[in-house]
Amino acid sequence: MTQEELDALMSGEEIENLDEALDEAEKEEGLKYTGSEAEKVPVSEDDKPLGYNEDTAHHWPLPATDEHKMVHQLDDVTKESEEKASEIFDIIENISNDMMDKEENLNKIVEVLNSNIELFTTLSEKFPDVEAFATQLEKNTTALDEANQTIETLQNSGDSIMNVMDIMQYQDIHRQKIERVINVMRSLSNYMNSLFEGRIDDDKRVSSAQHIAGDSHNDLASTDDIEALLAQFGNNE
């Protein structure tokens, strides 16, 4: 029993009123408490323990909020990773399709250039004095070389894209590994909950004692002190 409770008992006040008064005093001091009745830890108004700051943050565990719950975070990672991977695959597929279309168009251009080269080759042979035929033959030959080089570049890029898609398959493997970790964590959590499960509901349990023989608390009075105080009170009457 605390000294305040003794004073309340001596003055005839109810303990509930005293508790309300203590709560008001805590609010005035800007403090509140968390934890069991047996071991209360003072915390500030922002739900952080007293003494918590950026320098001492590594000494305190993270609060059990959604952004700090491990399984929640891992679930978010796997979900977002799968969504982003799907978006990447869609983009890569669109690029690959565009490149195939461009390659097909270039093949048609190559056919036209080959036809032009045959034509201007024949004309240049029959009319060697006509400079325009030789000039067009040279231009078409150069264009054909550039078109073939472009087709080769598109084909190499297509192969690189296929390699990227193969590498992206590892992302799915990583996701499966994370999901396996989640399943193990959930199994352990369920096992621990089952292991510590009780037959009595917590709200039906007897509250924990605030003072046990052997404890040393300056604000708690011993049984002898209480009996002596009550005896003194009886003599005064």
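Look above for the structure.
Everything numeric in this text was worked out from a predicted model, so none of it was measured. (Residues numbered from 1 in each chain as written. Predicted model: local features only at pLDDT ≥ 70, side-chain atom pairs only at ≥ 80, totals over all residues. Heavy atoms only, no water.)

Participant: Tell me about the overall build of the protein chain, and name the residues and values.
Facilitator: Across its full length, the protein chain carries five helices and two strands. Sequence-ordered secondary structure for the protein chain, helices as α and strands as β, is α-α-β-β-α-α-α. The buried share among the 237 residues of the protein chain stands at 15%. Long-range pairs, those at least 24 residues apart, make up 57% of the contacts in the protein chain between residues at least 6 apart in sequence. Here the protein chain displays about 18,700 Å² of accessible surface, and carbon together with sulfur accounts for 51% of that area. (Helix = DSSP H or I, 4+ residues; strand = E, 2+ residues; numbered from the N terminus. Buried < 20%, exposed > 50% of the residue type's maximum accessible area, 1.4 Å probe, protein only. Contact = heavy atoms within 4.5 Å. Areas by Shrake-Rupley, 256 points an atom, 1.4 Å probe, with all protein chains shown as cover.)

Participant: Summarise the pattern of salt bridges; cite the residues concerned and give the values.
Facilitator: With the rule as written, the count across this model stands at three salt bridges. As a salt-bridge pair, Lys 84 and Glu 87 come within 4.0 Å of each other at their nearest N and O atoms. Of this pair, Lys 84 and Glu 87 both sit in helix 3 (residues 70-126), three residues apart, roughly one helical turn. For Glu 87, a relative accessible area of 42% puts it in the partly exposed group. Of the charged contacts in the structure, one is a salt bridge between Asp 172 and Arg 175, with a shortest N-O distance of 2.3 Å. Remark: Arg 175 and Asp 172 occur in helix 4 (residues 131-195); sequence separation between them is three residues, near one turn of the helix. Look at Asp 172 and you get partly exposed, because its relative accessible area is 26%. Relative accessible area serves as the criterion here: at 14%, Arg 175 is assigned to the buried category. A cluster of three or more residues bridged by salt bridges with shared partners is formed by Asp 172, Arg 175 and Glu 179. (Salt bridge = Lys/Arg side-chain N within 4 Å of Asp/Glu carboxyl O.)

Participant: Break down the side chain of Ser 124 for me, with residues and values.
Facilitator: Tracing the sequence through the fold places Ser 124 in helix 3. At 2.7 Å, the side chain of Ser 124 forms a polar contact with the backbone oxygen of Phe 120. When residues no more than four places from it in sequence are discounted, the contact partners of Ser 124 are Phe 133, Ala 134 and Leu 137. (Polar contact = N/O pair within 3.5 Å; in protein donor to acceptor, adjacent residues only side chain to side chain.)

Participant: Provide a residue-level description of the packing of helix 3 against helix 4, including the pertinent values.
Facilitator: Where helix 3 meets helix 4, the axes come as close as 7 Å, and the angle between the chain directions of the two elements is 165°. Regarding the angle of helix 3 to helix 4, the classification is roughly antiparallel. Where helix 3 crosses over helix 4, the two elements pack in a sense that is left-handed. (Axes fitted to C-alpha atoms, helices over the stretch in contact; angles between N-to-C directions. Parallel < 35°, antiparallel > 145°, perpendicular 65-115°, else oblique. Left-handed = near helix turned anticlockwise from the far one by under 90°.)

Participant: Requested: an account of the nonpolar core, with residues and values cited.
Facilitator: Within the largest apolar cluster, 11 residues are counted, these being Ile 92, Met 99, Leu 106, Val 110, Leu 113, Ile 117, Leu 144, Ala 147, Ile 151, Leu 154 and Ile 161. Elements represented by at least two residues in this core include exactly helix 3 and helix 4. It is helix 3 that provides the largest number of residues to this core, a total of six residues. Contacts of Val 110, omitting those with residues within four sequence positions, involve Leu 144, Ala 147, Asn 148 and Ile 151. (Core = buried A, V, L, I, M, F, W, Y, C linked by side-chain atoms within 4.5 Å.)

Participant: Can you break down a negative patch on the surface residue by residue, with the values?
Facilitator: Among the surface-exposed residues, Asp 75, Asp 76, Glu 80, Glu 82 and Glu 83 lie close enough to one another that they form a single negatively charged patch. If you trace the backbone, Asp 75 turns up in helix 3. (Patch = residues over 30% accessible without salt bridge, like charges linked within 9 Å, V, L, I, M, F, W, Y side chains within 5 Å. Lys, Arg positive; Asp, Glu negative; His and termini not counted. Charge placed at Lys NZ, Arg CZ, Asp CG, Glu CD.)

Participant: Any chance you could break down a nonpolar patch on the surface for me, citing the residues and the numbers?
Facilitator: A contiguous nonpolar surface patch, about 470 Å² in accessible area, is contributed by Tyr 191, Met 192, Leu 195 and Phe 196. Within the secondary structure layout, Tyr 191 lies in helix 4.

Participant: Let's hear about helix 4: which residues, and what values?
Facilitator: For helix 4, with 65 residues, the first-to-last C-alpha span of 97 Å sits near the 96 Å given by 1.5 Å per residue. Along helix 4, the residues that are buried comprise Asn 140, Leu 144, Ala 147, Ile 151, Leu 154, Ile 161, Met 168, Gln 171, Arg 175 and Ile 182. Buried residues along helix 4 sit in contact with helix 3. (Expected span 1.5 Å × (residues − 1).)

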